[in-house]
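Reading the structure
Read off the chains here:
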Amino acid sequence: MKGFEPFRQLRGVLIAAALCAGPGHALAADIRPPTQKVEVGRIAGRWYEVARLPNSIQKDCQGGTSDWSRTATGYSVIQTCHRGTLASPPTRWKAQARISDPPTDGRIRLSYFGGVLNVEYWVLESRADQGWLLLGTPNGRHLWLMAQKPILSAAARTQAVSRIRQLGYDVAALEFPLPAHH
């Protein structure tokens, strides 16, 4: 029904705002802006969620993915997860992304709901040789370990979790959702 579309959009904005403004479970002690140069071309494609800090919008999300496609002004991003089980219908969030710090390409601004909500994410670590990266919010409340394959090797996962700890996050608070199908 068309009359309910504004209400659905408002509900989506409120949910996304809760993700960005809600209390964090494991605030990092000292998040610093990215300084490592990220190869922007390596962001394109599908990324699989390996771990995250708990957040309200992804409660019970399994099989999380982010699909990044190049556009004339940055990227089109579709984030997907399945509530409860991988057999559940997918929940999707669409966004437009722009690199907001060209010297490092480590700051990415995502715009949701046609620009109603804008969120900055930082690439806190990028290990292209191992196929993973860490994304976080500047306030230290939210963090994601993303990989180019659904499952990281044990060595790469250990290294990523070690880096998360070095950044000041409580690794005991990390959630490791079921991986998406390849």
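In case you missed it, the structure is sitting above this.
Overview of the structure. Keep in mind that this is a model prediction, so the values were computed, not measured. (Residues numbered from 1 in each chain as written. Predicted model: local features only at pLDDT ≥ 70, side-chain atom pairs only at ≥ 80, totals over all residues. Heavy atoms only, no water.)

1. Remarks on the nonpolar core
Ranked by size, the top nonpolar core spans 23 residues in total, and within it Trp-68, Leu-110 and Tyr-112 carry the most contacts. When contributions to this core are tallied by element, the ones reaching two or more residues are strand E2 (61–70), strand E3 (75–83), strand E4 (90–99), strand E5 (107–112), strand E6 (117–127), strand E7 (132–136) and strand E8 (143–147). Contacts of Tyr-112, omitting those with residues within four sequence positions, involve Gln-79, Trp-93, Lys-94, Ala-95, Leu-117, Val-119 and Tyr-121. Counting 20 residues, the second largest nonpolar core, distinct from the first, contains Leu-53, Ala-156, Tyr-169 and Val-171. (Core = buried A, V, L, I, M, F, W, Y, C linked by side-chain atoms within 4.5 Å. Buried < 20%, exposed > 50% of the residue type's maximum accessible area, 1.4 Å probe, protein only. Helix = DSSP H or I, 4+ residues; strand = E, 2+ residues; numbered from the N terminus. Contact = heavy atoms within 4.5 Å.)

2. Some remarks on the environment of Pro-89
Among the structural elements, Pro-89 can be located in the loop between E3 and E4. The class for Pro-89 is exposed, based on a relative accessible area of 64%.

3. Structural notes on unusual backbone geometry
Despite not being glycine, Asp-60 shows a phi value in the positive range, around 65°. For Asp-60, the location among the structural elements is in the loop between strand E1 (45–52) and E2. Positioned with a positive phi, Phe-113 is a non-glycine residue whose angle comes to about 55°.

4. Quick word on the packing of aromatic side chains
Scanning the entire structure with this criterion turns up 3 aromatic pairs. Aromatic side chains Trp-68 and Tyr-75 sit 5.5 Å apart centroid to centroid with 75° between the ring planes, which places their arrangement in the edge-to-face category. Exposure class is identical for Trp-68 and Tyr-75. Each is buried. Ring geometry for Tyr-121 versus Trp-144: centroids 5.7 Å apart, planes at 65°, classification edge-to-face. Placement of the pair is Tyr-121 in strand E6 and Trp-144 in strand E8, with a sequence separation of 23 residues. (Phe/Tyr/Trp six-rings, centres within 6.5 Å; stacked < 30°, edge-to-face > 60°.)

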